Amino acid sequence: MSEEKETENQQVASEQLSDILLVLDKEKMKIQAVKSIDKSGKMETVDPTKKNQSEFMRVDKHGDFVTNFLSNFWRQLKDPTKFALFKVSADEAVEKAKEFQNQINNPTAEGKKKMEKHEVKNEPEQEQKQENKNDMTKTETTPETSEYRFQPEQIDWETMNNLGLSKEYLEKKNLLDPLLRGYKTNELVPISVNLGGAVVRTDARLSLQSTPEGDVVAAVHGIRREPNLNFEFFGHKFSDEDKQNLRQTGNMGRVVDLINSKTGELMPSIISVDRLTNELIALKTDFIKIPDEVKGIKLNDEQKQTLVEGKPLFIEGMISTKGTPFDANVQFNADKRYVEFLFDRSNNNRQTQNSQQDNQQSRSQEAPKTFRGKELEDEQYNKFKDGQTVYIPNLVDKKGQTYNGYITFNKETGKTNFEFPNQYKERIKPTEAHKTQIAVNSEGKTNEATKNIKEPLQKGQQRPKNEKQQEQQNKPKAPAKSKGRKVS
């Protein structure tokens with residue numbers, strides 16, 4: 001095969017994998033081919049002739065990427081209502097451009113239908129609705145599992161490389177394993193695509209998805225300015241309270257029936273926001289798994305049911321990894337697929353979530369009789385409720401290991417403070433000055449610097465405070481008189 005023929009074949013193959021963007025300027029009523037679009041949103045075009053074919057902007061036919069690219073294209077474009085955009089195959093771009101121009105010059109009903117098949121719609125409402133339909137993660141039907149859903153050899157690595165992502169890079173960043181398990185990457189990754197006349201760079205999360213043909217493709221989850229809450233999400237229309245919860249906590253806070261767009265099946269699900277991309281994520285309640293305990297606190301059936309229903313739950317007395325107790329609201333997150341802590345609650349959200357807190361604070365003057373499942377003895381309890389520090393042995397952590405500690409009840413807040421033995425000993429450890437004060441004033445002992453001073457020492461005093469005391473200290477103490485029997 002000649003070099004010229006091989007080059008021609010490569011060009012044909014490249015065209016079969018590419019689409020061309022044709023644009024109609026509604027003022028000039030002229031069809032042009034898109035050459036590029038700069039950062040300011042200005043579009044450059046060329047005449048759609050065979051001579052200019054090498055300058056046409058080429059778009060990879062990868063479906064997910066084309067959708068994201070065109071969406072961003074319209075957002076960038078200045079005065080988008082001035083243009084109509086059409087997507088056609090590279091090998092027929094010149095012929096289609098002629099057909100479309102003929103239709104514009106001599107419109108017919110049949111020609112209008114042909115153009116509409118290729119038109120890329122720029123109707124914001126339709127775009128947002130479609131985006132919401134595409135947003136629902138396809139892993140909502142994938143149960144939590146440690147098994148791999150995909151294998152590395154199933155991935156189209158050529159397309160991955162076109163995105164600037166090699167197998168070695170994903171492995172080095174520990175991103176390949178979650179992808180193979182059917183999850184999104186847990187961080188944003190840089191995406192870079194060369195489209196001939198334009199280079200698209202962005203940050204996104206990735207996931208792997210199966211096409212109807214059985215291929216495994218990369219889904220690009222681009223960053224959105226905010227969640228799409230003004231349009232239906234798989235048949236669900238967000239209420240004002242839904243929107244408020246999703247914006248404040250990232251979780252909607254209730255279970256709703258979503259509609260499977262393919263089968264019409266109702267799917268009881270919870271909805272959360274991907275905090276990295278602002279994408280809406282739904283998870284069927286069948287796949288919600290609630291742990292038996294959270295940070296050392298065992299959950300009862302009622303608490304577990306609250307979390308299964310997507311509602312927030314306030315838990316007291318949890319133990320952090322540093323061993324300190326803390327209280328917090330927790331809630332199941334559909335994107336993360338686990339119970340998360342809600343520390344950054346707004347005042348409005350706190351009003352609805354903290355009714356249980358308010359009830360507990362109304363009883364804050366009453367000390368609890370039990371601590372982490374261990375009932376206090378009468379003597380311990382009497383000291384504890386009076387605000388004294390009480391030693392509690394043989395507490396059991398979530399791993400079944402025993403530990404000891406000290407608890408102190410705060411009458412003002414109604415809170416119980418816990419300290420491990422080393423923390424307690426460090427807190428009550430007296431300073432050197434305090435040791436001296438105890439020795440001098442309580443135990444009748446002295447130190448060398450103050451042993452001859454007759455006046456009572458002040459708190460923390462370890463040496464003479466004035467000239468008078470200095471004189472007393474410098475003056476040798478008179479020997480004690482003998483108390484022996486007087487001899488006549």
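The chain goes by DUF3945 domain-containing protein in an unreviewed UniProt entry, where it is assigned to Paenimyroides marinum.

K.L.:
Quick rundown of helix H4 (residues 109-118)? Include the residues and the values.
P.N.:
Three or four residues apart is the spacing at which side chains of an α-helix point the same way, because the helix has 3.6 residues per turn. Among all positions in H4, only Gly111, Met115 and His118 are buried. Buried positions in H4, seen along its axis, are confined to an arc of 55 degrees and lie on one side of it. The exposed set on the far side of H4, more than 90 degrees from its buried face, consists of Ala109, Glu110, Lys113 and Lys117. The secondary structure elements touched by the buried residues of H4 are strand E5 (83-89), helix H3 (93-105) and strand E6 (119-120).

K.L.:
Tell me what's going on with the pattern of salt bridges, and back it up with residues and numbers.
P.N.:
Applying the stated criterion to the full structure yields 21 salt bridges. Between Lys35 and Glu55 there is a salt bridge whose closest N-O contact spans 2.9 Å. With Lys35 in strand E2 (residues 30-37) and Glu55 in the loop between strand E3 (43-46) and strand E4 (58-60), this residue pair connects regions lying 20 residues apart in the sequence. For Lys35, a relative accessible area of 23% puts it in the partly exposed group. Assessed through its relative accessible area of 30%, Glu55 is described here as partly exposed. Its salt-bridge partner being Glu340, residue Arg275 comes within 3.1 Å of it at the nearest N-O pair. Remark: Glu340 occurs in strand E17 (residues 338-342) and Arg275 occurs in the loop between strand E11 (266-273) and strand E12 (280-284); sequence separation between them is 65 residues. Its relative accessible area of 5% is what places Glu340 among the buried residues.

K.L.:
Any details on the sheet that holds strand E16 (residues 325-333)? Residues and values, ideally.
P.N.:
In a beta sheet, neighbouring strands pair by backbone hydrogen bonds and run either parallel or antiparallel. On the basis of which strands lie adjacent, the open sheet formed by three strands has the order E15-E16-E17 and antiparallel pairing. The outermost strands of the open sheet, each flanked by one partner alone, are strand E15 (313-319) and E17. Across the sheet, the axes of successive neighbouring strands diverge by a mean angle of 50 degrees, strand direction being ignored. Bridging between E15 and E16 involves five bridges; their strand directions are antiparallel. The residue bridging Leu313 from the neighbouring strand is Val330, located in E16.

What counts and what doesn't
- All residue numbers here refer to positions counted from 1 along the written sequence of the relevant chain.
- Residue-level local features of this predicted model are given only where pLDDT is at least 70; pairs of side-chain atoms are given and counted only at 80 or more, and the full residue set underlies all totals for whole chains, interfaces and linings.
- Only hydrogens and water are set aside when side-chain values are computed; all heavy atoms of the structure are taken into account.
- Relative accessibility thresholds used throughout: buried, under 20% of the residue-type maximum; exposed, over 50%; partly exposed, between the two (1.4 Å probe, protein chains only).
- Strands here mean DSSP runs of E at least two residues long; helices mean DSSP runs of H or I at least four residues long; both are numbered from the N terminus.
- Directions from the helix axis toward the C-beta atoms define the arc.
- Whether two residues are in contact is decided by their heavy atoms: any pair within 4.5 Å suffices.
- Salt bridges are counted wherever a side-chain nitrogen of Lys or Arg sits within 4 Å of a carboxyl oxygen of Asp or Glu.
- Any two strands with at least two DSSP-identified bridges between them are counted as paired.
- Angles run from 0 to 180 degrees between N-to-C directions of axes, and those axes are lines fitted to C-alpha atoms, restricted for helices to the stretch in contact.

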